[in-house]
Structure formats: structure tokens, C-alpha cells
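One letter stands for each residue in the lines below.
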2 protein chains.
Amino acid sequence: MTPEIPDIVIGRLPIYLRELTLLREEGYEVTSSHELGQRLGISSAQIRKDLSWFGPFGKQGTGYAIAYLQEQLKKILHLDREWQVALVGAGDLGRALARYGGFAHRGFRITRIFDNDPAKIGSYVGNIKVLSVRVMKEEIERIGIQVAMVAVPAAAAQQVTDALVEAGVRAILNYAPIVLAVPEGVHVQHIDPAAHLQHMTYYLG
Amino acid sequence: MTPEIPDIVIGRLPIYLRELTLLREEGYEVTSSHELGQRLGISSAQIRKDLSWFGPFGKQGTGYAIAYLQEQLKKILHLDREWQVALVGAGDLGRALARYGGFAHRGFRITRIFDNDPAKIGSYVGNIKVLSVRVMKEEIERIGIQVAMVAVPAAAAQQVTDALVEAGVRAILNYAPIVLAVPEGVHVQHIDPAAHLQHMTYYLG
DNA sequence: TAGATTGTTAATCGATTAACAATC
DNA sequence: TAGATTGTTAATCGATTAACAATC
């Protein structure tokens, strides 16, 4: 049996990957756990320990070949393919997410947008037509979409989630300010900007 | 000297607060660490331990008076006042953040928006006029704004951050996909949706 | 009173760091 | 070779959980 890799370790891999991409854009070809740690504000020991869960990727004396480590991390995170993403909610937030350019380079493409507002259904966000949530299950099943983003009001979020799970979605990025209940095997990450702000105001007089 | 309260504990307080607000909206007046834990997917022991850093808020046998605990958590997080927030970047994301209704109830109000694009400067997002970053320092200093959100491209984010810090900002919510360097005493929280998605795809076949 | 739940202590569990042999 | 840096082990540190006396 594979050793159980801590979830907190998995959560840092995308951060490492992001910084490696940046380093490469800056023209570097090799880096070290020390350099990476400096840039990320993480100890070099932690980086080496995290990576060692997955294999030896570096070379004593020289460090890590950036392109190679990048490629390996992408494989580990299953980013050696593009994930289609369903977006539910075509309000301000949903539309901003749909237009956001930051997903494409990082393995994700929003290909379907759903809403329940007749005024929005049929409209376009970029070149994607907003579809009715009534056809959501059918569409998601047909295409085999496994990743979704929920950008609907809190009151609708659980219901939408249930429908997504029903349709076969296994990873949900939740922007609604409530904790979603999902069955075993379905993953949820929560983005709550106000909570982050509140975390910081603790430290302000 | 006050005992050093772990940052990870502080980070959970906004989550507790959010759930308490929800419970109250649902008509409850009293809750327990068990009920709260159930709803949040956190152990009741952890909730009691976290709260005990700040004082006894409950009553044996009955639990917590929601309104009271809410009020106390707000005080602890310095949410017994409204924080003005400066937003830098009036692109799709910035505009969505400015229009987002979720900040108002939770202690924050975006009152200034800055951009460096002449095409955007002078335009309105809701009823807020987009100002030039050239007047940013002056404006932020004058009003005494301490909290900011950065929604500019990665390439500009560090420069913008330096200017914000220079102007006296002490808490920054960063939407750019880079790690920001800030001096001691300035707080940064990072929102990186792609990283969250990548975290989850690890678990998808 | 009997039942329920807190606040807190001690035990456990897990994550981070320090240190260093191996080796490029 | 000498210097640098990895991968890994053991030590440390910190966070979570279990348990229960206190008490509403």
C-alpha cells in the first residue's frame, strides 16, 4: 500500500509548481530547496521533505532542474491533461471567474456555465453561452466533467452542490459562504475572502 | 504578557463567526460546541479549545448564547467597527470584488478603487470612481486606510504592494499568483483559486 | 435531581526542523 | 578535490483529541 501522504503536503505542491513556473519565466533552469524556500517563505527542509514523499527529484550539490521538477509535479497533481470545469452562477463573480485568464496555463478550462436566472440564460460570457441549470446534470454527465466552481448565493449553494455531485462532479471550488456537505470521495475547497480579511484584522489594533 | 495565540486558531474564528450568523438567521438562539462542530466538520473539542484561549463564553449544560458569542468574536477580530478597504486593479476580478455583496455584512467596505489604465481611470464601478494609482498613496494616507485588496497582474503586484505598505496599509488580500514580500508587521493572505483546483485534482484519478 | 455541556488538563498524534551521511 | 546540496532520520515542536471534574 502507498504511504498516506498528508493532505497538507499536497496543498503545498501547487505553490511549488507556481513558483517553479515563475523561476523558469525569469530564465532560471536550476534551483535549490534553499532558493525556493527563500522565495516562498518556507524552510528548505520542508520543501525537501515534501518532495521526498514522491521521489528523488534533485541532484546533490546542484539542486533541482526546474523543467523536470515542474513536469513531475504536474504529473503528481494530474495536470498532465486539461480539466474541463463547469461553473455554476453567472453573476458578477461567476462572470469574472469565467473571464479570468489565470486558469488556462494551470490546467483548467471553464467550458460550461449554468444559471437559473432566465435573464441570464442564453447570454454569453466571453464565448460561452449560459445554460439553464435544468440541463446541467445532462450536460455534465454527457461531457464527463469532474470539476466545478460554485458561485451562487449561499441559499442555493447546497442544492447546486447536490446536483453537481449527482451529475458526477468530484471536485468543487466553493465561493458561497457556507460549508457544503458532500459524500465521501467528493472534494471541496472553500474560498472566503471576507474570512481572510477577518483573520488579518485580528492583528490590527 | 498575553499567551501567544496560535495563528491557526485565529484563522478559525471567522469560520465560527460565519456559522453563528447562519445559525442565528435560521432562528437559533443557543448552540453547542457539538452542533457547531457537526455543521463545520470540526471536532467539538477543538472548538471549545479554540474559544478557551479568549475566555469562557458558554454555560455548562446549555452551551453558547449565539448572539453573545457572535458579539465576542467580533470584538476579538476587531469587527466592532467597519474597515475601509482600498482595491487596486479595476479589471474583471477587481470589478467583481467591488460589486461583491459579501463584504458589507462582515465588516468591510471598499471605498477606493485604483488602476493605472487611463481607459479605466475616471470610470465608475458601482458608485465608486476609479482613481489613478498616482494618487493612491495620498488618498490612502489621508483616509487612513489599513486594509487593501490586490487584483492586478502578477507582474505589477509586488510594486503595488510596496506602494500600499508605504502608504500605511497593514493587511493585504492578494489575488495575484505570486508570493508578496512585505515587512514585519504587515499581513498578507493569498487567494489562488487555481492552486485550490490543483490541490483537488491530485485526488482525481 | 438527572442530563447535558462546558472549560481544561494530559495524552496522543502529526508536522516541522535540525542535522548529517551520501554524493554530485 | 572542495564545496554544495540532496534525501532521510531523529528530535523537536505544536496541534488535536480524549477524558472528566465542574456546574448549569
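Residues numbered from 1 in each chain as written. Chains lettered and ligands numbered in written order. Predicted model: local features only at pLDDT ≥ 70, side-chain atom pairs only at ≥ 80, totals over all residues. Heavy atoms only, no water.

**Let's talk about the sheet that holds strand β7 (residues 128-132) of chain B**
Residues and elements named next belong to chain B.
Piece 1. Pairing is mixed in the open sheet, where 7 strands are placed in the order β6-β7-β5-β4-β8-β9-β10. Each having just a single partner strand, β6 (124-125) and β10 (187-190) make up the two edges of the open sheet.
Piece 2. The sheet contact formed by β6 and β7 spans 2 bridges and is antiparallel. The residue of β7 that forms the bridge with Y124 is K129.
Piece 3. Contacts from helix α7 (residues 154-167) reach β4 (83-88), β8 (147-150) and β9 (171-174), with the element oriented near 170 degrees to β8. (Pairing = 2+ DSSP bridges. Helix = DSSP H or I, 4+ residues; strand = E, 2+ residues; numbered from the N terminus. Contact = heavy atoms within 4.5 Å. Axes fitted to C-alpha atoms, helices over the stretch in contact; angles between N-to-C directions.)

**Looking at the domain arrangement of chain A**
Piece 1. In terms of domains, chain A is made up of domain 1 (7-76) and domain 2 (83-195).
Piece 2. A C-alpha centroid distance of 31 Å is found between domain 1 of chain A and domain 2 of chain A. (Domains from an automatic or database assignment.)

**What to know about the nonpolar core**
In summary, soluble globular proteins display a tendency toward joint burial of nonpolar side chains.
Piece 1. Counting residues in hydrophobic clusters, the biggest one holds 89 residues, and the most contacted among them are L73 and M149 of chain A together with L73 and M149 of chain B.
Piece 2. Ignoring any residue separated from it by four or fewer positions in sequence, one finds M149 of chain A in contact with V85, A86, L87, V88, L97, F103, I110, L173 and Y175 of chain A.
Piece 3. Of all hydrophobic cores here, the second largest spans 20 residues; its members include I140, V150, A167 and V186 of chain B. (Core = buried A, V, L, I, M, F, W, Y, C linked by side-chain atoms within 4.5 Å. Buried < 20%, exposed > 50% of the residue type's maximum accessible area, 1.4 Å probe, protein only.)

**Section: the protein's contact with DNA strand D**
Piece 1. In the neighbourhood of DNA strand D, 25 residues make up the surrounding shell, with S33, R48, F57, G58 and Y64 of chain A lying closest.
Piece 2. Among the atoms of DNA strand D lying within 4 Å of the protein, the sugar-phosphate backbone contributes 61%.
Piece 3. Take F57 of chain A: an N or O atom from its main chain is 2.8 Å from a phosphate oxygen of DNA strand D.
Piece 4. Within the side chain of R12 of chain B, one N or O atom sits 3.0 Å away from a phosphate oxygen of DNA strand D.
Piece 5. The set of elements that each furnish at least two residues to the surface near DNA strand D consists of α3 (44-52) of chain A together with α1 (7-25) and α3 (44-52) of chain B.
Piece 6. In terms of residue count, α3 of chain B provides more of the surface near DNA strand D than any other element does, 4 residues in total.
Piece 7. Residue composition of the surface near DNA strand D, by class: 6 nonpolar, 12 polar and 7 charged. (Near = heavy atom within 4 Å. Polar contact = N/O pair within 3.5 Å; in protein donor to acceptor, adjacent residues only side chain to side chain. Nonpolar A, V, L, I, M, F, W, Y, C, P; charged D, E, K, R; others polar.)

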